[in-house]
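Analysis of the macromolecular model
Okay, here's what each chain looks like letter by letter:
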Amino acid sequence: MTWEYRQPVTILFGQGQSRQIGRIARQRGYSRGLLVADPFFEKSGLARAVMDSSEGTLADLFTRVSPNPEADEVDACAQVLRSRQLDFVVALGGGSALDCAKAASGIALCGHSIRRYHGTGTPLPDEHLPLIAAPTTAGTGSEVTCVAVISDQTRGLKAPIVSPTFYPVCAVVDPELTYTVPPAVTAGTGIDVLCHALEGFWSLAHQPVCDALALYAARLVFEFLPRAYERPDDELAREKMCEASVLAGLAFTLPKTTAPHACSFPLTNRLHIPHGEACGLTLDWFARLNATGPEGKRLDEFAAALGYANTSAMADAIFALKQRLGLRTDLRDLGLDLEDIRCLVEESRHPNLLNNPVQVTDEILWALYGRLAL
């Protein structure tokens, strides 16, 4: 087996680390930055608190970020960076703010629209602004990945962009930032962590370092996600879910995600199911499918290491976890018909399917969506 592991992001983990952003910026020689934040944090005062504690290094605030960041928003953010002649970016929020900031910092110095690179295969230029990422949810792992998921309503496109320029220079992971996350968001982002871990493990491009990270992250999710959901003030559970999110992000960055993420794109685009919940919807189904293929023994060993008899038992536990968290386990309430299912099948033909250890045919997708919807 031949493999390579690379992780260029410096990770600073711990309570209160977000108050060190100004010091981190100055140590790296940055002087005038843009804070890109979810709009909620402007209203809650968190964005102002981060700016006030930045030792004067954050000069402006950008909060025009949708739950699924749009190409127009990325372009607008990049224009602020250019017009204000800023030299670094801080992203504060969930995956939306982080992905918007990644894409904007990637095009800020070239003057192009993100549309030049979104869904076109054109690589981004090497020159970009440095990014410090401060996640406020325990879920996306975006703070340690080179991926940004961007939507473009004008083209009806939601797709990831992968570029080495998207790696943050530093991830500031402060569990305190997750204390006020509501239970529904904790559930959705938490199941996304489990998807990242499992998909990174069973991906055709898996490798030993990522495998070890995936196993540890999955163990943390099964133990601490229910606690974080049911007892939002449980500081240990919040900390461990932040830890799981980072480790799962490291686990899938290089192997890439697989079938559950491929199916999540139409579930989000067409049915407006939040990303993490959309990924988790099919996770147990694909676990059972992949157990029948060449990776079945590895999956059974993974499940056994987590305390389950086999992959099927682990899939049962995933289903039960979704029920406990109030997440979707089917699509029957949406009244979908055969034409809707045909569209879901067609729009699930995403390159991530090619990473899945069992070839996912249209027949398999029809069986999946039929079982979920009818």
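Thresholds applied
Residues numbered from 1 in each chain as written. Predicted model: local features only at pLDDT ≥ 70, side-chain atom pairs only at ≥ 80, totals over all residues. Heavy atoms only, no water. Buried < 20%, exposed > 50% of the residue type's maximum accessible area, 1.4 Å probe, protein only. Helix = DSSP H or I, 4+ residues; strand = E, 2+ residues; numbered from the N terminus. Pairing = 2+ DSSP bridges. Axes fitted to C-alpha atoms, helices over the stretch in contact; angles between N-to-C directions. Contact = heavy atoms within 4.5 Å. Salt bridge = Lys/Arg side-chain N within 4 Å of Asp/Glu carboxyl O. Expected span 1.5 Å × (residues − 1). Arc of directions from axis to C-beta. Polar contact = N/O pair within 3.5 Å; in protein donor to acceptor, adjacent residues only side chain to side chain. Phe/Tyr/Trp six-rings, centres within 6.5 Å; stacked < 30°, edge-to-face > 60°. Lys NZ or Arg CZ within 6 Å of the ring centre and 35° of its normal. Patch = residues over 30% accessible without salt bridge, like charges linked within 9 Å, V, L, I, M, F, W, Y side chains within 5 Å. Areas by Shrake-Rupley, 256 points an atom, 1.4 Å probe, with all protein chains shown as cover. Core = buried A, V, L, I, M, F, W, Y, C linked by side-chain atoms within 4.5 Å.

Right, let's talk about the pairing of strand β5 (residues 131-135) for a bit. Of all 5 residues in β5, 5 are buried; the element is thus mostly enclosed. Sheet topology note: the strand β4 (residues 88-93)/β5 ladder contains 5 bridges and is parallel. Directly across from Ala-91, in β5, lies its bridge partner Ala-133. Sheet topology note: the β5/strand β8 (residues 170-173) ladder contains 2 bridges and is parallel. The residue of β8 that forms the bridge with Ala-133 is Ala-171.

This part covers the sheet that holds β8. Strand order across the open sheet formed by 6 strands is β1-β8-β5-β4-β2-β3, with parallel pairing between neighbours. Looking at the sheet topology across the chains shown, the edges are occupied by β1 (10-13) and β3 (58-62). Looking at each pair of strands side by side, their axes are set apart by 20 degrees on average, direction ignored. Of the strands in this sheet, β2 (33-37), β3 and β4 are in contact with helix α4 (residues 71-83), which crosses β3 at around 160 degrees. Those strands touched by helix α5 (residues 95-107) are β2, β3, β4 and β5, and its axis lies near 165 degrees from that of β4.

Further remarks concern the pattern of salt bridges. The tally for this structure, following the rule as stated, stands at 22 salt bridges. Measuring nitrogen to oxygen at the nearest pair gives 2.8 Å for the salt bridge that ties Arg-115 to Asp-152. On the criterion of sequence distance, the pair formed by Arg-115 in the loop between α5 and β5 and Asp-152 in strand β6 (residues 147-152) is long-range, its members being 37 residues apart. Residue Asp-152 is classed as buried on the basis of its relative accessible area of 1%. Here Glu-346 ties to Arg-342 by a salt bridge, and the two come within 2.8 Å at their closest N and O atoms. With Glu-346 and Arg-342 both in helix α14 (residues 338-347), this residue pair falls 4 residues apart, about one helical turn. Relative accessible area serves as the criterion here: at 33%, Arg-342 is assigned to the partly exposed category. Each of the salt bridges in this network shares a partner with another, and the network as a whole consists of Asp-72, Asp-75, Arg-115, Asp-152 and Arg-155.

This part covers the side chain of Ser-105. For Ser-105, the position within the fold is in helix α5. Classification of Ser-105 by relative accessible area gives buried; the value is 2%. Residues within four places of Ser-105 in sequence aside, it is in contact with Leu-81, Val-89, His-128, Leu-129 and Leu-131.

The next point concerns helix α13 (residues 311-324). Here α13 is 14 residues long and its end C-alpha atoms lie 20 Å apart, about the 20 Å a rise of 1.5 Å per residue gives. Among all positions in α13, only Thr-311, Met-314, Ala-315, Ala-317, Ile-318, Leu-321 and Lys-322 are buried. Taken end-on, α13 shows its buried residues confined to a sector of 155 degrees, consistent with a single buried face. Residues of α13 that are buried sit in contact with α6 (183-202), α7 (208-230), α10 (275-281), α11 (283-291) and α12 (296-305). With a side-chain oxygen positioned 3.2 Å from the backbone nitrogen of Ser-312, the residue opening α13 is Asn-310.

For the rest of this paragraph, the subject is the packing of aromatic side chains. For the structure shown, the criterion picks out 5 aromatic pairs. Pairing Phe-201 with Phe-302 gives two aromatic rings, centres 4.4 Å apart and planes at 45 degrees, and the pair type is tilted. Here Phe-302 lies in helix α12 and Phe-201 lies in helix α6, a separation of 101 residues in the sequence. The pair formed by Phe-201 and Phe-302 is uniform in burial state, with each residue classed as buried. Measuring from ring centre to ring centre gives 5.3 Å for Trp-285 and Phe-286, while their planes differ by 80 degrees; the resulting arrangement is edge-to-face. Seen from the ring of Phe-201, Arg-298 lies directly overhead, with NZ or CZ sitting 3.9 Å from the centre.

Once that is clear, we can look at the environment of Ala-37. Mapped onto the fold, Ala-37 is located in strand β2. When the C-alpha positions of Ala-37 and Pro-232 are compared, they lie 22 Å apart, and in sequence the two are 195 residues distant. Contacts of Ala-37, omitting those with residues within four sequence positions, involve Ala-47, Leu-61, Phe-62, Thr-63, Val-65, Leu-92 and Ala-97.

Bringing a nonpolar patch on the surface into the picture now. A surface patch of nonpolar side chains, about 320 Å² in accessible area, is lined by Leu-338, Trp-366 and Leu-374. Its location among the elements puts Trp-366 in helix α15 (residues 362-373). The class for Trp-366 is partly exposed, based on a relative accessible area of 36%.

With that settled, the discussion passes to the nonpolar core. Residues Leu-194, Leu-267, Phe-286, Leu-331 and Tyr-369 are the most contacted members of the largest nonpolar core, which totals 103 residues. When residues in this core are grouped by element, the largest group, 10 residues, is from α7. With residues near it in sequence (within four places) discarded, Leu-194 still touches Ala-218, Val-221, Phe-222, Leu-283, Ile-318 and Leu-321. Counting 19 residues, the second largest nonpolar core, distinct from the first, contains Ile-24, Leu-35, Phe-88 and Leu-92.

Shape is all these values report; function is a separate question.
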